[in-house]
Amino acid sequence: MPVSATSVSVTQLEADAVVVAVYADSPPAGAAAELDKATGGLLSRLIERKEISGKKNEITTILGPAGVKAHTAVVVGLGPKDSFDRGVAFRAAATASKSLAGKERAKVGYYLADDWSPDQAESGVAGSIVGCVGQDLYKAKKKHFPPGEILWSRVDKGALASGTILGDAQNLTRRLVNEPPSEIYPESFANEAVRVAEECGLAIEVWDLARLEAERCGSLLAVARGSDREPRLVILKYNGGKEGDAPLALIGKGVTFDSGGLSIKPNDGMVTMKCDMAGAATVLGAMQAIARLKLPVNVIGLVGLVENMLSGSSYKLGDVLRARSGKTIEVLNTDAEGRLVLADVLDVALQHNPSRLIDLATLTGACVVALGNDVAGLMTNNQPWCDAVSQAAGSVGEQVWQLPMFAEYGEQIKSEVADIKNVGAGRWGGAITAGKFLEEFVDGKPWVHMDIAGPAFLDSSKPFLDAGGSGAYVRTLVEVARVGSS
Ligand code: BES
Ligand code: ZN
Ligand code: ZN
């Protein structure tokens, strides 16, 4: 999306709208003070009368403000000054952006960053790009109109450029998740990855069915077997660091549609299952951003792409699969397919000698039961690495919570016929038994599993984000890569 800097003042910008911000219970400052002065103290009066409180994401739209060239002014609340951070900056800008996207507008100027650090400004810029895009991909009458041009005042060039890259990457992830499964299936997702790789200079390898067979990816292939669509495994490489430095590996679950297979899901559980490739889409979005930002790190992104369907060739309950690593897996539920796909993708990742791994997956409903829709579950075999990922998420305002990995959970996936089975003893602790299953395939390397089943897809819209694919954790992954390189 076209974003540029402006040095024109908030009152003089010829635009459809300008956006200013106020902190909770504080008098207008910076651009908001200029707007206040031009309008003869209108903002101060609205604050005085408690029409504007400045609480987080509160929006006040002033049509045709006097003394201001823009047709509309939007005042967004930032909450208390002492709790302001990058997450608040992202959401405030995104809320204003979403509110303005309700109508077609050519030019919108953001005057929020007067007292923001470059990091905070970067998050704000990203928010202004993410908020105005919705899931209305196939509606003739759109609900969201991204403006023709976004301008930011008082943001340094670097933050403007990196904020734009992050916002665009998050929107890429969101679009891929929002596309219907008739459009995004393993082959077409891989084609999207090729397009992204070419455009931002990533090396890419796509494994087709024959290659997957030659590589003995028996676990991934079993899931794919019931579908008419061939599976793919995509490997993206970014070498921004020193030659020979072990890469960070990002691994994504890319089940482009999860019907449950023979353990078929009921209608209500299946309706949103186009989102089951969100882990893969998050990895692709992050790889795009990491390459465009030219981060001085080596990163490798791997996504396993399959459709989990039913047919005469579907894999069955009781089947025993041989994963690429050699481990055998007894299948007791074909709807626990994500871990079977990841088992082989993790094994391929290990072949590239990564220093650390993160996998992202819409893996279990149990994680949504445990943590709700706004928080991803973290599971790990290495506490310092998990702390680093958690810290990165917190610093960009994305929420995560660690779940325990006690050995007892691992007992539950032992099988009588094979090395392990693909479900735990019962429903309880299902997010963690899934995590324990994945741990079997990382060979003790520092690894964090992020179960994003809740946050990846919103059932209803938020003030700062339309419903559907959220693009959550793209910014976290980029932050992890950044911190690793500093
Ligand atoms: N893709 C689902 C998990 C999911 C649920 C993602 C809700 C997003 C929202 C996954 O493949 C699945 O079906 N998991 C089963 C595992 C069970 C059979 C052990 C589940 O969560 O019920
Ligand atoms: Zn499933
Ligand atoms: Zn699934």
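Scroll up for the structure.
Asks: Which parts of the structure should I look at to understand the packing of aromatic side chains?
Replies: Working definition: an aromatic ring pair is given by the centre-to-centre distance plus the angle between the planes. For the structure on display, the rule yields six aromatic pairs. Centre to centre, the rings of Trp116 and Trp152 are 6.2 Å apart; their planes meet at 45°, and the pair counts as tilted. On the criterion of sequence distance, the pair formed by Trp116 in the loop between strand S5 (107-111) and helix H4 (118-130) and Trp152 in strand S6 (residues 149-153) is long-range, its members being 36 residues apart. With respect to burial, Trp116 and Trp152 carry one shared label: buried. By way of ring pairs, the aromatic residues Tyr23, Phe84, Tyr110, Trp116 and Trp152 are connected into one cluster. In this arrangement the basic side chain of Arg229 is found over the ring face of Tyr185, its NZ or CZ atom lying 3.6 Å from the centre.

Asks: I'm lost on a nonpolar patch on the surface in this one. Help?
Replies: Where nonpolar side chains cluster on the molecular surface, the patch consists of Leu262, Ile264 and Leu310 and spans about 250 Å² of accessible area. Relative to the helices and strands, Leu262 is located in the loop between strand S9 (248-258) and helix H9 (267-270). When its relative accessible area of 42% is taken as the criterion, Leu262 is described as partly exposed.

Asks: Sorry, what's going on with the coordination of the zinc ion (ligand 2) here?
Replies: Working reference: metal with six octahedral donors, ideal angles 90 or 180 degrees; metal with four tetrahedral donors, ideal angle 109.5 degrees. The protein atoms donating to the zinc ion (ligand 2) are Asp258 (OD), Asp335 (O), Asp335 (OD) and Glu337 (OE), with metal-donor distances spanning 2.0 to 2.2 Å. Taken together, the six donor atoms surrounding the zinc ion (ligand 2) define angles of 71 to 169° at the centre, an arrangement classified as irregular. In primary-sequence terms, the residues that donate to the zinc ion (ligand 2) follow D-x76-D-x1-E. The distance between the zinc ion (ligand 2) and the zinc ion (ligand 3) is 3.2 Å, with Asp258 acting as a donor to both metals. With a relative accessible area of 22%, Asp335 lands in the partly exposed category. With relative accessibility at 0%, the residue Glu337 sits in the buried group.

What counts and how
- Residues numbered from 1 in each chain as written.
- Chains lettered and ligands numbered in written order.
- Predicted model: local features only at pLDDT ≥ 70, side-chain atom pairs only at ≥ 80, totals over all residues.
- Heavy atoms only, no water.
- Phe/Tyr/Trp six-rings, centres within 6.5 Å; stacked < 30°, edge-to-face > 60°.
- Helix = DSSP H or I, 4+ residues; strand = E, 2+ residues; numbered from the N terminus.
- Buried < 20%, exposed > 50% of the residue type's maximum accessible area, 1.4 Å probe, protein only.
- Lys NZ or Arg CZ within 6 Å of the ring centre and 35° of its normal.
- Patch = residues over 30% accessible without salt bridge, like charges linked within 9 Å, V, L, I, M, F, W, Y side chains within 5 Å.
- Areas by Shrake-Rupley, 256 points an atom, 1.4 Å probe, with all protein chains shown as cover.
- Salt bridge = Lys/Arg side-chain N within 4 Å of Asp/Glu carboxyl O.
- Donors = N, O, S within 2.8 Å, 3.2 Å for Na, K, Ca; no water.
- Tetrahedral: all angles 85-135°; square planar, octahedral: opposite > 155°, others 65-115°.

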